[in-house]
Amino acid sequence: MSSMSDVAPPRRLNKTTAAITVTPDYQVVVWANQPRNRQTTQDPWRNTLTYFAFLDDKRFTSLDSLLTQLAPISLLHVVCTENQNSSNTTMAGRKKLQQTTDLLYTLEKMIATRTDLNDDDDDDIEDGAAAAPTSLSQIHSKFPTIPKTRIDDVMKQILLESSELSFRGDVQITSHPWIHRALGFYLHTEGLLSGVQDNMMGRFHIEAGALNSHLLLDRTAASCIHLLPPPNAGVATVVGGGVHNNSLYGILSQPAQTQMGKRLLSRWLRQPLVNLEAINYRQTAVAHLVTHGVERDQLRDEGLRNFSACDVAKLANQLAIYQVKARDDDAMDDDNDERDAPMGSTQKALGSLYQLYLLTSQKVPMLLDCVKNVIAAEGGDESSIPTEESQQNLLQSIYVGLEKAYNELLRSQDLAEAVLDLDLAPREFLIKSTFKEELEDIKTELTNVEAELEDCHNQMNTEWADANGLNPDGKYVRLETFGENDSVKTWQFRLPSTNDAKMLSDGPLEGKVKVHRLLKNGVYFSTKELRGLSEKKQDLIKEYDGHQRKVVRDAMNVASTYQGPLERTNELIAQLDVLVSLAHVAAYNPHGYCRPVMTDGEEDGMGIKLKDARHPCVELQDCVAEYIPTSYNLVFGESSFLLLTGPNMGGKSTYIRALGAIVTMAQIGSYVPCAEATINICHHILARVGAGDLQDRGISTFMAEMLEASSILKTATKRSLIIIDELGKRDLMNLKSVSNKKKRRAYNALT
């Protein structure tokens, strides 16, 4: 882990950043900045600043669970309220310093092993920013002392007007000084104390977070139930498994058609619901999709598949970036080299505008028609199509929201049609030549050069056919562009077979052509005439680009105003993709899924009752010829505890882990692999599985197991699902004959 410098790291546009403050007595405060999808174009609320304050144990169990909920995380800043560079040389001072060092070391180790918190996707880093730090966390040696008035001044600038009043009246912040000081530390790490940028003014909403807002899963529990793919990508944690069946995410995400949906599914799995109404709201939508298979498959194959290569969230981010760059570019002279201008090549900017055009003119309308068919399937006609006033279920809510966002985006279609030369797209992205007289002249020259390129291509194709005795009407030589970016492109010929390189060098065309590259897909070459035309066309495109820059700047400033509807569209499409994926898995599972009956209470008779349940991952392994289903009966007042014994390889671990996986699936709104299921909502899943020591800290395997079990007992409530696999093994049975004091102390701590 590295020390923090005064320079703030590059901002991730779609990921959480957080600051963790911990006191020597394990009082933890976390401030997290989470991006938010805006509802409308005029919606200024861009980020939610959430704080969590809680008392944790020495293993940071609650913090571990919270990090699972907040992921994906770009960067964590960690500090202890007791500074490490204390000059106190007394015995008490040295002891406190050692305590601080040990505390930060524990936190550092815990975070360093959380490889699941960051998906290492750098596509959403602002253009021009440096690469993100390798480490997920940065440990700070000093807790800064920042005047309260300075913190309040910065918050007044970045908060929405309505949130600023709530911040000043928040009793928790005013009555707990550590929360306020931790806020100052977060503002310090984000570089906001030195000045607030214009794009952050009045964009934040502040709220208090709660650990119990979702089902709590620490890393051990998540690993135990195979929640997410293993960190060593491609290697299954379940014997015989593959990338699509070695985790709950792998199984449920396989039918997903979009990256947006896969990201949302990962968040749903990290944040299972604990609200009965919200769970049933999702389950009703999944049930409707399961029932109407024809309409569901049409929605998946014709509606959502169009977005497989279109990430709406990244498109919204690109427009936001181009808005800033266009403003900076406007301050420069048009004669400057495009590579020195902040906006760079206009082709990339116009490419984003073209993607917005395709989204509005083709993809969203087709998706709306498919959703309409799904909703109308219940009544047999379109009379059940909802309006904003009549929406009742989640699918109807998605349709209404998507239609509203589409109506706002429609005007962007007019913008693209007015600005873009759609006849050239997507090969090239240029402004219509009718905007300027100079563009008309250059466009005429470009048309002439393209005609000459085509003649040159036909001539080379004829010469190649003559040299090899082939049919002169055949198409053998291909004309392709080559270049790393839009501002540096060349045109070259390509022959699909690498064996043709010898004919080019030694045959009738020797001396007429120049071979450039020999790759798997063929041999690339050119002639002197082609190279001249290539340079001429590139010069004309560069000249055209210089004249169109002002128009592109204005167009991108207008296009950037559609970020709000795009963000809302991204959220709705992601929800739709996840719901369809859950329904697809339930409908096509060879052994059958059922809709679980959910309850929420602690009265006698409530609990978990599963009939013919199966582990969702194990049942799909290639090596499992026939999965033998099992049943569960964990009910308040009757049987709230199960002790499982049996021979090795008898399926004990599969049995207990399957229960955690099924509960998690039910609480994200999914069907579950059972014949019948009644599940009372759980608030925690706590697990102790596997065995491993901590040699660097002098903790044996047995001691580690006892510490984990002790932590579970301190955290568990009546609504916790606890999974313990082989606690203590033989050591616990032979404890009376063991003289090791550490083991005796561990046992006493547990009991």
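Quick caveat, the model's predicted, so the values are computed rather than measured. (Residues numbered from 1 in each chain as written. Predicted model: local features only at pLDDT ≥ 70, side-chain atom pairs only at ≥ 80, totals over all residues. Heavy atoms only, no water.)

### Topic: the overall build of the protein chain
Then comes step 1: The helix and strand tally for the protein chain stands at 22 helices and 17 strands.
Then comes step 2: A burial count over the protein chain gives 51% of its 751 residues as buried.
Then comes step 3: Sequence-distant contacts in the protein chain: of pairs separated by 6 or more residues, those separated by 24 or more amount to 74%.
Then comes step 4: Accessible surface, the protein chain: about 35300 Å² in total, of which carbon and sulfur atoms supply 49%. (Helix = DSSP H or I, 4+ residues; strand = E, 2+ residues; numbered from the N terminus. Buried < 20%, exposed > 50% of the residue type's maximum accessible area, 1.4 Å probe, protein only. Contact = heavy atoms within 4.5 Å. Areas by Shrake-Rupley, 256 points an atom, 1.4 Å probe, with all protein chains shown as cover.)

### Side note on the packing of aromatic side chains
Then comes step 1: This model, assessed by the stated rule, comprises eight aromatic pairs.
Then comes step 2: On the numbers, 6.2 Å between centres and 40 degrees between planes, the contact of F143 with W178 is tilted. With F143 in the loop between strand 5 (137–140) and helix 3 (148–158) and W178 in helix 6 (residues 177–189), the pair connects residues that are 35 residues apart, well separated along the chain.
Then comes step 3: By relative accessible area, which is 33% here, W178 ends up partly exposed.
Then comes step 4: With a centroid separation of 5.5 Å and 45 degrees between ring planes, the pair formed by F493 and F525 is classed as tilted. Note that F493 is positioned in strand 9 (residues 488–495) and F525 in strand 11 (residues 522–527), a separation of 32 residues in sequence.
Then comes step 5: Relative accessible area serves as the criterion here: at 0%, F493 is assigned to the buried category. (Phe/Tyr/Trp six-rings, centres within 6.5 Å; stacked < 30°, edge-to-face > 60°.)

### Notes on the pairing of strand 11
Then comes step 1: The buried count for strand 11 comes to six of six residues, which makes it a mostly enclosed element.
Then comes step 2: Relative to strand 11, strand 10 (residues 513–519) runs antiparallel, the two being bridged by six bridges. Pairing of V515 across the sheet is with F525, part of strand 11.
Then comes step 3: Between strand 10 and strand 11, which follow one another and run antiparallel, lie two residues. (Pairing = 2+ DSSP bridges.)

### Notes on the confidence of the model for the protein chain
Then comes step 1: Mean pLDDT over the protein chain: 81, with 83% of residues reaching 70 or higher.
Then comes step 2: Contacts for the low-pLDDT stretch residues 120–134, under 50 throughout, to residues beyond four places or in other chains number 29 contacts.
Then comes step 3: Low confidence marks residues 234–239, where pLDDT is under 50. Its contacts with residues over four positions away, or in another chain, come to 17 contacts. (pLDDT = per-residue confidence, 0-100.)

### Some points on the pattern of salt bridges
Then comes step 1: Enumeration over the complete set of coordinates arrives at 17 salt bridges.
Then comes step 2: A salt bridge links R219 to D64, with the nearest nitrogen and oxygen atoms 3.3 Å apart. Taken together, the positions of R219 in helix 7 (residues 219–224) and D64 in helix 1 (residues 61–70) put the pair 155 residues apart, joining distant regions of the chain.
Then comes step 3: For D301, the salt bridge goes to R305, with nearest N and O atoms at 3.2 Å.
Then comes step 4: Since its relative accessible area comes to 34%, D301 is described here as partly exposed. (Salt bridge = Lys/Arg side-chain N within 4 Å of Asp/Glu carboxyl O.)

### Notes on the environment of I279
Then comes step 1: With respect to the secondary-structure elements, I279 resides in helix 10 (residues 276–291).
Then comes step 2: In this structure the C-alpha to C-alpha distance between I279 and S670, which are 391 residues apart in sequence, comes to 8.8 Å.
Then comes step 3: Among all residues touching I279, those that are not within four sequence positions of it are L273, M598, A666, Q667, G669 and I681.

### What to know about the sheet that holds strand 4 (residues 73–80)
Then comes step 1: Pairing is mixed in the open sheet, where six strands are placed in the order 5-4-1-2-3-6. Both outer strands of the open sheet, strand 5 and strand 6 (204–208), are each paired with one neighbouring strand and no more. Mean inter-strand twist for the sheet, computed between neighbouring axes without regard to direction, equals 15 degrees.
Then comes step 2: In this sheet, strand 2 (residues 27–35) lies alongside strand 1 (residues 16–22) in antiparallel orientation, the contact comprising six bridges. Within strand 2, the residue paired with V22 across the bridge is V28.
Then comes step 3: Docked against the sheet, helix 2 (residues 91–112) engages strand 1, strand 4 and strand 5, running at close to 170 degrees with respect to strand 4. (Axes fitted to C-alpha atoms, helices over the stretch in contact; angles between N-to-C directions.)

### Topic: the nonpolar core
Then comes step 1: Grouped together as the largest cluster of nonpolar side chains are 136 residues, with contacts concentrated most on L299, L353, L356, L359 and L610.
Then comes step 2: For this core, the element with the highest residue contribution is helix 13 (residues 346–376), accounting for 15 residues.
Then comes step 3: Non-local contacts of L353, meaning those with residues more than four positions away in its chain, are made with L415, A416, V419, L420, M556 and A559.
Then comes step 4: L63, L66, A71 and L117 belong to the second largest nonpolar core, which has 29 residues in total. (Core = buried A, V, L, I, M, F, W, Y, C linked by side-chain atoms within 4.5 Å.)

### Digging into unusual backbone geometry
Then comes step 1: A71 connects to P72 through a cis peptide bond whose omega is 0 degrees.
Then comes step 2: Inspection of the secondary structure puts P72 in the loop between helix 1 and strand 4.
Then comes step 3: Residue A425 is joined to P426 through a cis peptide bond whose omega torsion reads 5 degrees.
Then comes step 4: Along the chain, the position of P426 falls in the loop between helix 14 (394–419) and helix 15 (437–468).
Then comes step 5: Not every positive phi belongs to a glycine, and D612 is a case in point at roughly 50 degrees.
Then comes step 6: Even without a glycine there, the phi angle at M649 is positive, about 65 degrees.
Then comes step 7: As for its placement among the helices and strands, M649 is situated in the loop between strand 14 (630–635) and helix 19 (652–667).
Then comes step 8: You can call M649 exposed: its relative accessible area is 85%.

### Some thoughts on the packing of helix 11 (residues 293–304) against helix 13
Then comes step 1: Between helix 11 and helix 13, the least distance of the axes is 9 Å, while the angle of their chain directions is 175 degrees. Classified by the angle their axes make, helix 11 and helix 13 are roughly antiparallel. Packed against helix 11, whose contacting residues are E295, R296, Q298, L299, E302, G303 and L304, the element helix 13 presents M366, L367, C370, V371, N373 and V374 at the interface.
Then comes step 2: Of the residues in the contact of helix 11 with helix 13, the class split is seven nonpolar, three polar and three charged. (Parallel < 35°, antiparallel > 145°, perpendicular 65-115°, else oblique. Nonpolar A, V, L, I, M, F, W, Y, C, P; charged D, E, K, R; others polar.)

### Brief notes about helix 18 (residues 563–588)
Then comes step 1: An ideal rise of 1.5 Å per residue puts 38 Å on 26 residues; helix 18 measures up with 37 Å between its terminal C-alpha atoms.
Then comes step 2: Taken across its 26 residues, helix 18 has 23 buried, putting it largely inside the fold. (Expected span 1.5 Å × (residues − 1).)

### Section: the side chain of T61
Then comes step 1: For T61, the location among the structural elements is in helix 1.
Then comes step 2: With relative accessibility at 9%, the residue T61 sits in the buried group.
Then comes step 3: In this structure T61 touches D56, D218, S711 and T715, once residues within four positions along its chain are discounted.

### A few points about a negative patch on the surface
Then comes step 1: A cluster of acidic residues, E437, E438, E440, D441, E445, E535, D539 and E543, forms a negative patch at the surface.
Then comes step 2: Listing elements by their share of the negative patch, those giving two or more residues are helix 15 and helix 17 (528–559).
Then comes step 3: Here the negative patch gets five residues from one element, more than from any other, and that element is helix 15.
Then comes step 4: Take E535: it is sitting in helix 17. (Patch = residues over 30% accessible without salt bridge, like charges linked within 9 Å, V, L, I, M, F, W, Y side chains within 5 Å. Lys, Arg positive; Asp, Glu negative; His and termini not counted. Charge placed at Lys NZ, Arg CZ, Asp CG, Glu CD.)

### Focus: helix 11
Since the α-helix turns once every 3.6 residues, residues separated by three or four places project in the same direction.
Then comes step 1: All buried positions along helix 11 are accounted for by G293, R296, D297, L299, R300, G303 and L304.
Then comes step 2: Buried positions along helix 11 lie against helix 10, helix 13 and helix 18.

### Considering the sheet that holds strand 16 (residues 684–688)
Then comes step 1: Spatial ordering of the open sheet is given by 7-16-17, a layout of three strands whose pairing is parallel. Edge positions in the sheet fall to strand 7 (216–217) and strand 17 (720–724), since each has one partner strand and no second.
Then comes step 2: Bridge count between strand 7 and strand 16: two bridges; the pairing is parallel. Residue pairing for strand 16: L216 is matched across the bridge by H684.
Then comes step 3: Relative to strand 16, helix 20 (residues 701–715) is tilted by about 165 degrees, and along the sheet it contacts strand 16 and strand 17.

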